[in-house]
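# Residue-level structure breakdown
The primary structure of each chain is shown beneath.
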Amino acid sequence: MSHKNIVVTGASSGIGKSIMEELLAKNDGSRILAACRHAEKIGDYGERVVPFSCDLSTKEGVDALFAKAEEVFDGQIDLYFCNAGAPYYERFDYEDWDRISRIFDLNTVAHIYTYSKYLHHLNGRPGRLVYTISAMGEMALPGYALYAATKFAMKGFQQAIRDETPENLQISCVYPVSTKTNFFNVGGGGRKMEPPFPVQAPEKVGKAVVKGIDKLKKHIYPCPVYLPSKVLMNVVPPVKSLYVYAQKGKLRRFVKRVEAEKRGVIEDIKLQHEIRK
Ligand SMILES: NC(=O)c1ccc[n+]([C@@H]2O[C@H](COP(=O)([O-])OP(=O)(O)OC[C@H]3O[C@@H](n4cnc5c(N)ncnc54)[C@H](OP(=O)(O)O)[C@@H]3O)[C@@H](O)[C@H]2O)c1
């Protein structure tokens, strides 16, 4: 892992930021190109980190990041953390093609497109692509129908592509459980979300990811209780039913808050109308 040229996407906060800081803590001469939409939020980490602004939900954004990486790293990217992503937390009951496309563009299409770009960039040289998937890419929960769909898609993609990929490109996938990041602010449009249990600190995830990459792991599960819980839920299905039931309650409370908010806005509009009359 020493003296590597590394791209980290979604580096301004949460899991991406923790991965970047963990890589920097190793102080091994590696350099990082840190990407997100608002690179000014990344902060100053000195010469080892080059911040870069791009919208990774677009082809232009991903192309621009590769062009920048080739410029900064003299044409060699050794490690690529495809981490930027975002959730929706909602009751899925609407017809909105663009909204559906938006989450897939960032969480799925860009990540798949990155695979091809990176493979061509490597042109036979060794490299490693790391996908931040999610525990939700293996177990979908109420409120996260679209988000889980984007992550299940990535789980399927990596499974098939591993058997096609030339040996020079290694793929690692990360499956975090709920992690205390901006995720739970943006998902509900700034409204309070109750995360699924258990909840981890992003620093723990960052440490587990870098350790897993050091050990050349193909699949990284940062939460130690996740895999045993998965087995337990398969062996004793009522445990899974209880868990899902608790998540349904959280979604019900969330939807009630959204509806109360909407009613408040409508009441307010009516009041303004009355006043104007
Ligand atoms: N937190 C969790 O519970 C959890 C659990 C499992 C998996 N994950 C996955 O972990 C990854 C990171 O999420 P996080 O929890 O660390 O969330 P976060 O704190 O909200 O970080 C998201 C990062 O992605 C960047 N980003 C968002 N939209 C972007 C875009 N269109 N183009 C470029 N960059 C963009 C954000 O920066 P800008 O806003 O400046 O663009 C930020 O740096 C995601 O793939 C998420 O699905 C999270």
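What counts and how
Once a new chain begins, its residue numbering starts again from 1 and follows that chain's sequence as written. In keeping with the predicted nature of the model, local features appear solely for residues at pLDDT of at least 70, side-chain atom pairs appear and are counted solely at 80 or more, and the whole-chain, interface and lining totals rest on all residues. For the side-chain quantities, the full set of heavy atoms in the structure was used; hydrogens and water were omitted. A carboxyl oxygen of Asp or Glu within 4 Å of a side-chain nitrogen of Lys or Arg is what we treat as a salt bridge. To count toward a patch, a residue needs a relative accessible area above 30% and no salt bridge. Like charges then connect within 9 Å, nonpolar side chains (Val, Leu, Ile, Met, Phe, Trp, Tyr) within 5 Å. Surface accessibility in these figures is a Shrake-Rupley result with a 1.4 Å probe; residues are shielded only by whichever protein chains are displayed. Comment: elements are numbered from the N terminus, with helices defined as DSSP H or I runs of at least four residues and strands as E runs of at least two. By definition, two strands form a pair when at least two bridges between them are found by DSSP. Think of it this way: one heavy atom of a residue within 4 Å of a molecule or strand is enough to make that residue near it. The term polar contact refers here to a pair of N or O atoms within 3.5 Å; inside protein, the definition further demands a hydrogen-donor-capable atom paired with an acceptor-capable atom, and it admits residues adjacent in sequence only when both atoms are side-chain atoms. The classification used treats Ala, Val, Leu, Ile, Met, Phe, Trp, Tyr, Cys and Pro as nonpolar, Asp, Glu, Lys and Arg as charged, and all other residues, Gly among them, as polar. Each aromatic pair joins two rings of Phe, Tyr and Trp (for Trp, the six-membered one) with centres within 6.5 Å, and gets the label stacked for planes under 30 degrees apart, edge-to-face for over 60, and tilted for any other angle. Charge-over-ring contacts are defined here by two conditions on Lys NZ or Arg CZ: a distance within 6 Å of the ring centre and an angle within 35 degrees of the ring normal. A cavity here means a set of 1 Å grid points, computed over protein atoms only, where a 1.4 Å probe fits but cannot escape. A pocket is an open set with protein on both sides within 12 Å along at least 5 of 7 lines, and lining residues have an atom within 4 Å of a point. Grid points are joined across faces, edges and corners, and a volume is the space filled by probe spheres set on the points. Burial here depends on accessible area, computed with a 1.4 Å probe over protein chains only, as a share of the maximum for the residue type. Under 20% is buried, over 50% is exposed, and the range in between is partly exposed. If you view a crossover with the strands going away from you and the path from the first strand over the helix to the second runs clockwise, you call it right-handed. To define a nonpolar core, start from buried Ala, Val, Leu, Ile, Met, Phe, Trp, Tyr and Cys residues and group those joined through side-chain atoms within 4.5 Å. Contacts are residue-level and defined by heavy atoms, with any inter-residue pair within 4.5 Å sufficient. Axes, fitted as lines to C-alpha atoms, cover a helix only where it is in contact. Angles between the N-to-C directions of the axes lie from 0 to 180 degrees. Roughly parallel covers angles under 35 degrees, roughly antiparallel covers those over 145, roughly perpendicular covers 65 to 115, and oblique covers all other angles. The hand of a helix crossing depends on one turn: near helix anticlockwise from the far one by less than a right angle means left-handed, and clockwise means right-handed.

What follows covers the pattern of salt bridges. Overall, the coordinates contain 13 salt bridges when judged by the stated rule. Taken together, the salt bridges that share partners define one network made up of K59, D63 and K117.

Next up on the list: a nonpolar patch on the surface. Taken together, the side chains of V231, L232, V235 and V236 present a nonpolar region at the surface, about 340 Å² in accessible area. Among the secondary structure elements, V236 is positioned in the loop between α7 (226-235) and α8 (237-276).

Taken together, 7 strands build an open sheet; the order of strands is β3-β2-β1-β4-β5-β6-β9 and the sheet is parallel. Looking at the sheet topology across the chains shown, the edges are occupied by β3 (49-53) and β9 (219-220).

Taken together, 31 residues are adjacent to the ligand, and S12, S13, Y147, T179 and T181 come closest. Contact distances for the ligand include 3.2 Å between an oxygen atom and a backbone N or O atom of G10. One nitrogen or oxygen atom from the side chain of K41 is found 3.4 Å from an oxygen atom belonging to the ligand. For the ligand, whose free accessible area comes to 880 Å², the fraction covered by protein is 95%. When the residues that make up the shell around the ligand are grouped by side-chain class, the tally is 13 nonpolar, 14 polar and 4 charged.

Inspection of every chain in the model, using the stated rule, returns 11 aromatic pairs. Between Y175 and Y221 the ring centres are 4.8 Å apart and the planes differ by 15 degrees, which places this aromatic pair in the stacked class. With Y175 in the loop between β6 (169-174) and β7 (178-179) and Y221 in the loop between β9 and α7, this pair connects stretches of sequence that are 46 residues apart. Counting every residue linked through ring pairs, the aromatic cluster contains Y89, Y144, Y147, F183, F184 and F254. Above the ring of Y88, the side-chain terminus of R99 is found at 3.7 Å from the ring centroid.

A word on unusual backbone geometry. In this structure, P198 follows F197 across a cis peptide bond, with omega equal to -5 degrees. Examined against the element boundaries, P198 turns out to sit in the loop between α5 (183-186) and β8 (199-200). Within the chain, H3 stands out as a residue other than glycine whose phi angle is a positive 50 degrees. The phi angle at L216 is positive, at roughly 55 degrees, despite the residue not being glycine.

Under the counting rule described, the total for this entry stands at 1 cavity of 30 Å³ or more. The computed volume of the largest cavity comes to approximately 60 Å³. Listed by contribution, the elements that provide at least two residues to the lining of the largest cavity are β4 (79-82) and α3 (97-122). The leading source of residues in the lining of the largest cavity is α3, at 4 residues. The residue makeup of the lining of the largest cavity, split by class, is 7 nonpolar, 4 polar and no charged.

All right, on to the pairing of strand β2 (residues 31-36) then. Within β2, 5 of the 6 residues are buried, which leaves it mostly tucked inside the rest of the structure. Sheet topology note: the strand β1 (residues 5-9)/β2 ladder contains 5 bridges and is parallel. Each residue of the ladder has a partner; that of V7, found in β2, is L33. Handedness of the β-α-β unit built from β1, helix α1 (residues 14-25) and β2 comes out right-handed. Two elements, β2 and β3, share 5 bridges in a ladder whose sense is parallel. Across the sheet, I32 pairs through a bridge with V49, a residue of β3.

Right, let's talk about the nonpolar core for a bit. Nonpolar side chains tend to gather and get buried jointly when the protein is soluble and globular. In this structure, L65, Y80 and Y131 are the most contacted members of the largest nonpolar core, which totals 31 residues. Sorting the residues of this core by element identifies β2, α2 (59-72), β4, α3, β5 (127-132), α4 (145-161) and β6 as the ones contributing at least two each. The contact partners of Y131, leaving out residues within four places of it in the chain, are C82, H111, I112, Y115, M154, F157, I171, S172, C173 and V174.

The subject of this paragraph is the side chain of E138. Mapping E138 onto the fold places it in the loop between β5 and α4. For E138, the side chain forms a polar contact with the side chain of K155, separated by 2.7 Å. E138 has contacts with F152, K155, Y175, Y221, Y226 and K230, leaving out every residue within four places of it along the chain.

Turning our eyes to something else, we now look at the packing of α2 against α3. Running from amino to carboxyl end, α2 crosses α3 at an angle of 30 degrees, the nearest separation of the two axes being 10 Å. The angle between α2 and α3 places the two elements in the roughly parallel class. For α2 against α3, the interelement crossing comes out right-handed. Residues K59, V62, D63, F66 and E70 of α2 form the contact with α3, whose participating residues are A110, Y113, T114, K117, Y118 and H121.

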